[in-house]
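Per-entry structural report
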Amino acid sequence: MAIRSFWRSRTRFMISLTTMRDFVVPIMTDSSTLIIPQNSINEINQINSSVRCYHDGRPRGPLWRGKKLIGKEALFVILGIKRFKDDEDKLGKFIKTHVLRLLKMDMIAVLTELERQEEVGLALKMFRIIQKQDWYKPDVYLYKDLIIALAKNKKMEDAIQVWESMRQEGLFPDCQTYGEVIRGFLRYGSPEDAMNIYEDMKNSPEPPEELPFRILMKGLLPHPLLRNKVKQDFEEIFPDRHVYDPPEEIFGMR
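Structural notes, computed from the coordinates. The structure displayed is predicted, hence computed values, not measured ones. (Residues numbered from 1 in each chain as written. Predicted model: local features only at pLDDT ≥ 70, side-chain atom pairs only at ≥ 80, totals over all residues. Heavy atoms only, no water.)

**Comments concerning helix α4 (residues 88-97)**
Within α4 the residues assigned to the buried category are Leu91, Phe94 and Ile95. Down the axis of α4, the sector holding all buried residues measures 100°, keeping them to one side. Opposite the buried face of α4, at more than 90 degrees from it, the exposed residues are Asp89, Lys93 and Lys96. Buried positions along α4 lie against α3 (72-83) and α6 (120-131). (Buried < 20%, exposed > 50% of the residue type's maximum accessible area, 1.4 Å probe, protein only. Helix = DSSP H or I, 4+ residues; strand = E, 2+ residues; numbered from the N terminus. Arc of directions from axis to C-beta. Contact = heavy atoms within 4.5 Å.)

**Focus on the packing of aromatic side chains**
Scanning the model with the defined rule gives eight aromatic pairs in all. Ring centres of Phe76 and Phe94 lie 5.8 Å apart, and the angle between their planes is 45°; this geometry places the pair in the tilted category. Of this pair, Phe76 sits in helix α3 while Phe94 sits in helix α4, placing them 18 residues apart in sequence. A relative accessible area of 45% means that Phe76 is categorised as partly exposed. Judged by relative accessible area, which is 6%, Phe94 ranks as buried. Between Trp163 and Tyr178 the ring centres are 5.4 Å apart and the planes differ by 65°, which places this aromatic pair in the edge-to-face class. In this pair, Trp163 is assigned in helix α8 (residues 156-168) and Tyr178 in helix α9 (residues 175-188), connecting sequence segments 15 residues apart. Taking relative accessible area as the criterion, Tyr178 reaches 3% and is therefore assigned buried. Grouped by ring-pair contacts, the aromatic residues Tyr198, Phe213, Phe234 and Phe238 constitute a single cluster. (Phe/Tyr/Trp six-rings, centres within 6.5 Å; stacked < 30°, edge-to-face > 60°.)

In C-alpha cells, the structure reads:
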C-alpha cells in the first residue's frame, strides 16, 4: 500500500510539472533566445489560420480605430488640409504637393474620414479631386455618403449640385439617400426642393420603399396640399399600409 501511494503521488507531481512547463512561456536561455513549447506553437498557428485576412462585408468602426484601413500618408493629408482650410493659397499648394500623390484607396479613405468628421467643405473639395483622376468611375456609394453628409450639415445648395452631378452620370441613389436628402430640404425650409427630389424618386428604377414617403408626409404637415398628393401616391403604391392623419387643426401650423 505504501509503494502504491508513493507511485500515485509521484505521478501527480510529474503531471503538475508537465502542466507548468506548458504554460510557462517564453523561456529565456543563456543566449537570450525565446523557446516556445511545440504545443503552444500549434495553438498559435491554429488561431492565425482562423483569422480572416480579408474584409468580409461586416461593418467596421471609425477609420481612426481601424488603422489598417488608412495609411500614414492619408492621415498626414487629413491633418494638413484641415490645417490650411482657411488659407486657399496654402491649401492649393498642399493639394498639389501631397494630395495628388495619394493612391486611389488613400484618396477614398481621406474622403470618408472627412465626411465622418463633418468637414463637409473639405470632403466636397476632395470629391472633386477624385473625379478628375484617371481611375475614377461613377460610384453611387461615393455620391450617397457625400450627399448625406451635406444634407445633415444643412449644406443643401452643395447637396443639390452633387445630386445633379450624380444624375448626369446616370446614377440613382437608394432609399436611405432619398430619405436623408428629403429630410434635409424639409429642415432647410425648402419643401419645393423636397418635392423635386420626391418626383425624381418616383422615376427611379429601384422599387419604392415606405421610409421616404413617411418622412415627406411628416415634414409636409404645414403644407396640406402637398402632403395629400404624397399620401395619394403612398396609398396607391402601398395599399396595405396605414397612414396616420393628425387632427385637422395641426395642418397649416408651423
